[in-house]
Amino acid sequence: MDLDIPTLITFIIYIVGMLIIGIIFYRTTTNLSDYVLGGRRLSSGVAALSAGASDMSAFMILGLPGAVYLSGMSEMWLPIGLTIGAYLNWQFLAKRLRRYTEIARNAITLPDFLDKRFRDETKIVQTKTLRIVSAFFILLFFTFYTSSGLVGGATLFASTFGWEYQTALWVGAIVVISYTFLGGFLAVSFTDFIQGILMFLGLIIVPIVAVIEMGGWDSTVSGIADVDPVYLDAFAGTSAIAIISLLAWGLGYFGQPHIITRFMAIRSENDIPAARFIGMTWMTFGLLGAVFVGFIGIAYFEGVGAGSPLADEETVYILFTQVLFNPWVAGILLAAILAAIMSTIDSQLLVSSSALTEDFYRGFLKPNATANELVWVGRVGVIVIALIATFLAYDPESTVLELVEYAWAGFGAAFGPVMLFSVFWRRMTAWGAVAGIATGGLTVIIWNFFEGGLFDLYEILPGFVLGSLAIIIVSLLNQRPADHILEEFDFVDNATYDEEQQKYVRED
């Protein structure tokens with residue numbers, strides 16, 4: 001493939017813009033709270049779109065359209081499950097977690113929150129164990145999650161410019177590492193805000209133009225039916241277990257650290273309703289656009305359209321931009337893929353880096369480390385984790401969907417039950433949290449060893465159920481939590497934010 005100069009120029013302009021944002025926020029990042037949580041000052045719009053963009057990643061533009069292109073409307077259950085899960089996450093977990101993390105001595109990471117939520121100075125071993133176990137599973141599953149984004153970036157550059165897979169992989173990795181290294185959470189959040197808008201526009205424009213090119217919606221549907229009517233049936237080629245597995249993806253939202261940190265970083269819990277509306281609107285239309293890209297691609301590339309069958313189904317969006325638009329517009333629309341990829345990898349690197357910095361370095365190696373020292377340890381952590389993920393992504397046969405599927409299940413099962421129980425169940429104990437994380441995470445790992453999973457059931461569901469049972473059983477077998485832990489929980493229950501004092505106070 002010849003190098004497309006207009007598209008290349010568009011990419012370069014976009015990448016330079018993201019790096020400039022990183023440099024700007026480099027100058028405003030002075031401590032670890034700024035670097036990993038942005039000082040809790042995100043607006044509703046930035047929190048919503050950065051959460052959505054960091055959530056959807058290459059999955060929304062490459063993985064989901066590819067799955068629909070391959071299987072048709074039977075894949076619709078996946079975005080339905082995701083939409084329900086995301087809404088419930090915003091509705092129930094966001095406000096409670098934002099309040100609790102501030103009251104719990106300003107917890108700034110997920111392991112930090114769990115540590116402070118269950119801290120009992122007479123039983124320090126259990127809270128230290130909890131911090132280690134949670135940080136371990138974060139690093140483990142984020143390594144695979146980050147690899148999925150790097151595979152997506154390599155696919156984009158290789159398909160667009162004809163580069164070798166490994167060359168494309170390193171180019172994408174270097175770009176993301178650079179601005180995450182520089183600016184931390186604020187750079188990540190504001191670039192994600194821009195990238196979220198770009199992703200949204202790309203997923204709306206491409207299917208609309210493709211339908212027009214096909215001669216209208218009726219003509220498109222007829223074209224798909226001519227290829228195979230099975231593609232039009234949401235129940236074709238599937239089973240009750242398969243549908244349940246796809247819907248179960250929604251459970252993953254409660255345990256995704258890179259999404260949950262947006263709840264912790266939003267300016268005020270009063271901003272959450274607006275953020276929920278913005279985020280869910282963005283997500284609903286974005287997922288519909290992704291589904292229609294793959295759906296229309298069946299007619300265009302397999303049927304009467306101007307294209308030809310795809311060798312790699314995950315390139316359907318990329319091919320549409322190249323055949324339907326002039327190179328300058330294509331460059332902008334392809335930058336949406338880069339936006340999707342970068343917006344997730346940067347968040348994942350940042351959460352992983354914070355786990356290394358806050359939960360291992362300061363937690364065990366150097367409790368009295370200076371603020372500037374911790375920021376630089378975080379930046380070095382970004383580089384180390386990114387390099388490991390890059391080497392894991394070296395196999396060109398890797399697919400975005402498979403890697404995301406595994407990591408999403410791991411986080412959902414390991415942390416989803418723990419986050420929900422920790423903010424809503426007064427009787428939960430630290431050992432219950434340890435048992436829940438370990439049981440959920442190990443269930444996903446063991447389940448995945450079996451080809452296709454046991455009973456063809458997506459591993460997040462058994463992991464989530466068993467993790468929840470482990471929390472309940474172990475917590476009830478333990479002594480009740482210390483009085484100060486119960487008092488803090490009750491305070492969270494009854495607290496309101498006093499604007500004058502700028503702190504939470506009891507309603508009663």
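Looking at an unreviewed UniProt entry, one finds the protein chain named Sodium/proline symporter and attributed to Natribacillus halophilus. As stated in UniProt under Function (unreviewed entry), the record for the protein chain gives "Catalyzes the sodium-dependent uptake of extracellular L-proline." Recorded in UniProt under Sequence similarities (unreviewed entry), the annotation for the protein chain is "Belongs to the sodium:solute symporter (SSF) (TC 2.A.21) family."

Chemist: Looking at this structure, I do not really get the packing of helix α4 (residues 77-103) against helix α18 (residues 483-494). What am I missing?
Modeler: α18 packs onto α4 with a crossing angle of 135° between their chain directions and a minimal axis gap of 10 Å. Relative to α18, the element α4 lies oblique. For the pair α4 and α18, the crossing hand works out as right-handed. Here α4 contributes Arg96, Arg99, Tyr100 and Ile103 to the contact with α18, which in turn contributes Glu488, Phe489, Phe491, Val492 and Asp493. Of the residues that constitute the contact of α4 with α18, the class distribution is five nonpolar, no polar and four charged.

Chemist: Which parts of the structure should I look at to understand a nonpolar patch on the surface?
Modeler: A cluster of nonpolar side chains, contributed by Ile80, Ile84, Tyr87, Leu88, Phe92, Leu247 and Phe424, occupies part of the molecular surface with about 600 Å² of accessible area. Position of phenylalanine 424 relative to the elements: it lies in helix α15 (residues 400-424).

Chemist: What is the right way to read the environment of leucine 310 from this model?
Modeler: Among the secondary structure elements, leucine 310 is positioned in the loop between α11 (272-302) and α12 (316-324). For leucine 310, a relative accessible area of 16% puts it in the buried group. Between the C-alpha atom of leucine 310 and that of glycine 297, which follows or precedes it by 13 residues, the distance is 9.4 Å. Setting aside anything within four residues of it in sequence, one finds leucine 310 in contact with Tyr69, Phe301, Glu302, Thr315, Val316 and Leu319.

Chemist: Could you clarify how one ought to interpret the nonpolar core in this entry?
Modeler: For soluble globular proteins, nonpolar side chains are generally found buried alongside one another. The biggest cluster of nonpolar side chains holds 149 residues, and the ones touching the most others in it are Met56, Leu82 and Phe320. Setting aside anything within four residues of it in sequence, one finds methionine 56 in contact with Leu82, Met199, Tyr253, Trp282, Met283, Leu287 and Thr344.

Chemist: Explain the side chain of serine 422 here, please?
Modeler: As for its position among the elements, serine 422 is in helix α15. We classify serine 422 as buried; its relative accessible area is 0%. With sequence-adjacent residues up to four places away left out, serine 422 is seen in contact with Tyr100, Phe113, Leu114, Arg117, Phe118, Met428 and Phe489.

Chemist: Any chance you could explain the pattern of salt bridges here in plain terms?
Modeler: As a working rule, side chains carrying opposite charge can pair if their charged atoms are close by. This model, assessed by the stated rule, comprises twelve salt bridges. Arginine 96 is the salt-bridge partner of aspartate 493, the closest N and O atoms lying 2.7 Å from each other. Taken as a pair, aspartate 493 in helix α18 and arginine 96 in helix α4 lie far apart in primary sequence, 397 residues in all. For aspartate 493, a relative accessible area of 39% translates into the label partly exposed. Taking the shortest distance from any N to any O, the salt bridge between arginine 99 and glutamate 269 comes out at 2.9 Å. Here the residue arginine 99 occupies a position in helix α4, and glutamate 269 occupies one in the loop between α10 (257-265) and α11, the gap between them amounting to 170 residues. Per residue, the accessibility class of arginine 99 equals that of glutamate 269, and both read buried. Linked by salt bridges that have partners in common, Asp112, Asp115, Lys116, Arg119 and Arg131 make up one network.

Chemist: Whenever I open this one, the packing of helix α8 (residues 217-227) against α11 confuses me. Can you help?
Modeler: A packed helix pair is summarised by two numbers, namely the angle formed by the two axes and the spacing between the axes. At a closest axis distance of 8 Å, the pairing of α8 and α11 adopts a crossing angle of 65°. In this view, α8 runs roughly perpendicular relative to α11, as classed from their interaxial angle. The handedness of the crossing between α8 and α11 is left-handed. Residues Trp217, Thr220, Gly223, Ile224 and Val227 of α8 form the contact with α11, whose participating residues are Phe292, Phe295, Ile296, Ile298, Ala299 and Glu302. The residue inventory of the contact of α8 with α11, partitioned by class, reads eight nonpolar, two polar and one charged.

Here is what the cut-offs are and how they apply
Residues numbered from 1 in each chain as written. Predicted model: local features only at pLDDT ≥ 70, side-chain atom pairs only at ≥ 80, totals over all residues. Heavy atoms only, no water. UniProt positions renumbered as here; feature names shortened; annotations may be inferred. Axes fitted to C-alpha atoms, helices over the stretch in contact; angles between N-to-C directions. Helix = DSSP H or I, 4+ residues; strand = E, 2+ residues; numbered from the N terminus. Parallel < 35°, antiparallel > 145°, perpendicular 65-115°, else oblique. Left-handed = near helix turned anticlockwise from the far one by under 90°. Contact = heavy atoms within 4.5 Å. Nonpolar A, V, L, I, M, F, W, Y, C, P; charged D, E, K, R; others polar. Patch = residues over 30% accessible without salt bridge, like charges linked within 9 Å, V, L, I, M, F, W, Y side chains within 5 Å. Areas by Shrake-Rupley, 256 points an atom, 1.4 Å probe, with all protein chains shown as cover. Salt bridge = Lys/Arg side-chain N within 4 Å of Asp/Glu carboxyl O. Buried < 20%, exposed > 50% of the residue type's maximum accessible area, 1.4 Å probe, protein only. Core = buried A, V, L, I, M, F, W, Y, C linked by side-chain atoms within 4.5 Å.

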